[in-house]
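Here is how the chains run, residue by residue.
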Amino acid sequence: MPSRSDPAAPKPLETEPREGARPRRFVSAGPLKGRIRVPGDKSISHRALMFGALAVGETRVTGLLEGEDVMATAAALRAMGATIEREDANASGATWRIHGVGVGALLQPDGPLEMGNSGTSTRLLMGLVASHPITVTFTGDASLSKRPMGRVTEPLGLMGADFSATMLPLTERGLSPAVPITYRLPVASAQVKSAVLLAGLNTAGITSVIEPVPTRDHTERMLKGFGADLWVEQEAGERVIRLRGEAQLRPQIINVPGDPSSAAFFAVAALVVPGSDLVIENVGLNPTRAGLYEVLRLMGGRIEELNPREVGGEPVADLRVRHSALTGIEVDPALAPSMIDEFPVLFVAAALAQGTTVTSGLDELRVKESDRLAAMAEALRLAGARVEEREDGLVIEGTGGDSLAGTAQPIATHLDHRIAMAMAVAGLASRAGVEVDDTRPIATSFPQFQALLDSTTSSPPAGGTG
Ligand code: S3P
């Protein structure tokens, strides 16, 4: 077994070059123009596969994100009995066909479930397993093996599941029948909320989650779409989600909208690169996800929503983004859950704005695929930005629109796709370019990122080192 599976083994220093790393220097390449589409929403894609795997009959999904994280979910569900097939792409993209096993009928997998880099796969699947009479071992890469799982083992333990550890690798023994609980979220986390609700699907009685701070609501929307008896109420200023267990899910036809978290990199790139005028089509704008666009507008960003519509029960629009003079602001910490994955690229926008941007209330960023406050502070400083790292946020003094100097040495991405993509955007607005130590993690959420970036900027890519 590789040493990463052994919690006692020393972890390699994060700054050491990793075997097979694919570095690249991202350089200024002219304005971003034209019309693009980003791949399907990662959160919605995971859920479409999971709920399809629990419905009896055929669920069909178009627009599914074919990134490594979502493929880890698909492989795990197959290992637990679901049939999941990709039908060859036609003009409108591939169709995924899922034949589910039914709620309560997931099978014991033959071997460990390999979660790669994906926290969403891990935490949501741990929820599903919790109320099934099966025993499952979860493993992950070096980044995922450092992330806290106690936030889900705690409530799932109250429902009756048993865990060998609170970090990966761990083995979970589910319990059926499990015990329904009412759980108040101690952290604003859609993954924890979803883990409890997913465990509640196969638990007799009513499972409730109290959400003091609202987080992305894709689980609630989609479970209702699949026919679950789920309702949401506001009680004493808190959102309360209740689910009646022993649910029967009906197969659905799902069209996954474009991921606002992936569109974010292109939106910020178009805002900061002079002369840009870009339309990003079919972007999901669920209010629990769209905080970045609100903040960028407050900073002076010219972002128009064209052709607003609904796709798969989610609000969607095409975004027209033009180069803009940005001004630093104090970002309201209450917006954090609605843009939790977008802070790395917001920091890049702040580094190029006029004046100071202050962010706070971002402790959660320290437990994402990397410690995103430390990683972005270090990376932006190397690229020539002025950054102060605080316990719960960054304070950034922008250049007022001037390019960043760029990096002499590669910046460390710490196995974090969003650090790699955010710093690629910084490279477009730099004099010397920004060298990213490893672009491979980008494939977890946005495999086409580099090709799309190269086709969207007017000059061909230059200066690649890998
Ligand atoms: C996700 C929720 C968020 C987010 C992650 C995807 C989801 O995590 O960072 O990329 O699909 O539920 P938390 O809910 O833990 O903040």
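Residues numbered from 1 in each chain as written. Predicted model: local features only at pLDDT ≥ 70, side-chain atom pairs only at ≥ 80, totals over all residues. Heavy atoms only, no water.

Draft legend 1. Quick peek at the domain arrangement of the protein chain. Parsing the protein chain into structural domains produces domain 1 (24-39 + 257-456) and domain 2 (42-254). Inter-centroid distance (C-alpha atoms) of domain 1 to domain 2 is 28 Å. Across the domain 1/domain 2 interface, buried area totals approximately 2,000 Å², and carbon plus sulfur atoms make up 49% of it. Here Glu-369 ties to Arg-147 by a salt bridge, and the two come within 3.8 Å at their closest N and O atoms. Seen at the junction of domain 1 and domain 2, the total is 15 residue pairs in polar contact (both at pLDDT 80 or more). Of all elements in the fold, only β17 (314-322) and α11 (417-428) reach the threshold of two or more residues within the side of domain 1 that touches domain 2. Looking at the side of domain 1 that touches domain 2 residue by residue, the classes come out as 10 nonpolar, six polar and eight charged. (Domains from an automatic or database assignment. Buried area = accessible area lost by both parts, 1.4 Å probe. Salt bridge = Lys/Arg side-chain N within 4 Å of Asp/Glu carboxyl O. Polar contact = N/O pair within 3.5 Å; in protein donor to acceptor, adjacent residues only side chain to side chain. Helix = DSSP H or I, 4+ residues; strand = E, 2+ residues; numbered from the N terminus. Nonpolar A, V, L, I, M, F, W, Y, C, P; charged D, E, K, R; others polar.)

Draft legend 2. Region of interest: the pattern of salt bridges. A complete count under the given rule lists 37 salt bridges for this structure. The salt bridge involving Arg-320 is made with Glu-304; its shortest N-O contact spans 3.8 Å. Of this pair, Arg-320 sits in strand β17 while Glu-304 sits in strand β16 (residues 302-311), and the two are 16 residues apart along the sequence. Of the residues examined, Glu-304 reaches a relative accessible area of 31% and is grouped as partly exposed. Put simply, Arg-418 and Asp-341 hold a salt bridge, and the shortest N to O gap is 4.0 Å. With Arg-418 in helix α11 and Asp-341 in the loop between β17 and α9 (343-351), the pair connects residues that are 77 residues apart, well separated along the chain. Using a relative accessible area of 12% as the deciding quantity, one classes Asp-341 as buried. (Buried < 20%, exposed > 50% of the residue type's maximum accessible area, 1.4 Å probe, protein only.)

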